[in-house]
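These are the residues of each chain, in order.
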Amino acid sequence: MRYFLDTEFNGFGGELISVGLAAEYGDDDYYAVILPLPDPPEPWVARHVLPYLRSVPALLHTELDRIAAAHDIAAYLRTDPDPVIVADWPEDIALFCRLLMPAATDVVDLPGLRFEYLRTPGFSTARNSKVPHNALHDARALRDFVLGGE
């Protein structure tokens, strides 16, 4: 199954703040806020991202440190025999891959994972998201856009 990915991070090249995966089918989406939050955050992030981190249903909202988040997301994806992560921004894939490495010489227990990068000219997750700059809502906007075009 495909999982549509979006992340929020602390400015260009900055640390991961949150990750959202919108499942292609059903309502088994994934969302985590990565602790600790940046201190200080980039000004744009402080205005446009941090106020919306908790704008998801409580059942989906998880706040974890980086290592716990790595293992949690692996457990979420491990139930799928062929997970495909779809993103429209290369940095989302890079941050997601870094998250899967809890240490310099360690990677979470996932038997396999594929990635698909899509160019989406004219589409903006922020413009189409119910809560712009929230990783899960933006991932859902990407999912709806891609599935709507198929």
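Here we summarise the structure given alongside this text. Computed from a predicted model, the values in this text were never measured in an experiment. (Residues numbered from 1 in each chain as written. Predicted model: local features only at pLDDT ≥ 70, side-chain atom pairs only at ≥ 80, totals over all residues. Heavy atoms only, no water.)

## Describing the layout of surface pockets
For clarity, the cut-off: Cavities and pockets are found on a 1 Å grid laid over the protein atoms alone: a cavity is a set of points where a 1.4 Å probe fits but cannot escape, a pocket is an open set with protein on both sides within 12 Å along at least five of seven lines, and a lining residue has an atom within 4 Å of such a point. Grid points are joined across faces, edges and corners, and a volume is the space filled by probe spheres set on the points. Starting at the N terminus, helices and strands are each numbered in turn, a helix being any DSSP run of H or I of at least four residues and a strand any DSSP run of E of at least two.
Of the volumes computed, that of the largest pocket is approximately 500 Å³. In terms of lining residues, the largest pocket is bounded by 22 residues, among which D6, F9, W89, D92 and T125 are the most central. Those elements that place two or more of their residues in the lining of the largest pocket are strand 1 (2–9), helix 1 (43–48), helix 3 (90–99) and helix 4 (125–128). Ranked by residues supplied to the lining of the largest pocket, first place goes to strand 1 with 4 residues.

## Regarding the pattern of salt bridges
To be explicit about the condition: A side-chain nitrogen of Lys or Arg and a carboxyl oxygen of Asp or Glu constitute a salt bridge if their distance falls within 4 Å. Accessibility here uses a 1.4 Å probe with only protein chains present; expressed as a share of the type maximum, an area under 20% marks a residue as buried, one over 50% as exposed, and anything in between as partly exposed.
The tally for this structure, following the rule as stated, stands at 8 salt bridges. Between R143 and D29 there is a salt bridge; the shortest N-O distance is 3.6 Å. Taken together, the residues span a long stretch of sequence, with R143 in helix 5 (residues 135–148) and D29 in the loop between strand 2 (16–23) and strand 3 (30–35) at a distance of 114 residues. Residue D29 is classed as buried on the basis of its relative accessible area, which comes to 6%. Salt bridges here are not isolated pairs; linked through shared partners, they connect D29, R140, R143 and D144.

## Thoughts on the nonpolar core
To be explicit about the condition: Note on terminology: a nonpolar core comprises buried Ala, Val, Leu, Ile, Met, Phe, Trp, Tyr and Cys residues joined through side-chain atoms within 4.5 Å. In what follows, a contact means two residues having at least one pair of non-hydrogen atoms within 4.5 Å.
Counting 26 residues, the largest nonpolar core has V19, L21, Y30, I73, L77, F96 and L99 as its most contacted members. Take this core: its biggest share by element is 6 residues, from helix 2 (residues 66–78). With residues near it in sequence (within four places) discarded, L77 still touches Y3, L21, P83, I85, F96, L110 and L113.

## What to know about the environment of I17
Inspection of the secondary structure puts I17 in strand 2. Since its relative accessible area comes to 0%, I17 is described here as buried. Sequence separation between I17 and A46 is 29 residues; the distance between their C-alpha atoms is 11 Å. Excluding residues within four positions of it along the chain, I17 makes contact with E8, F9, N10, A32, V33, I34, L37, P38, V45, L50 and L53.

## A look at helix 3
Along helix 3, the residues classified as buried are E91, D92, I93, L95, F96 and L99. On its buried side, helix 3 packs onto strand 1, strand 2, strand 3, helix 2, strand 5 (84–87) and strand 6 (114–117).

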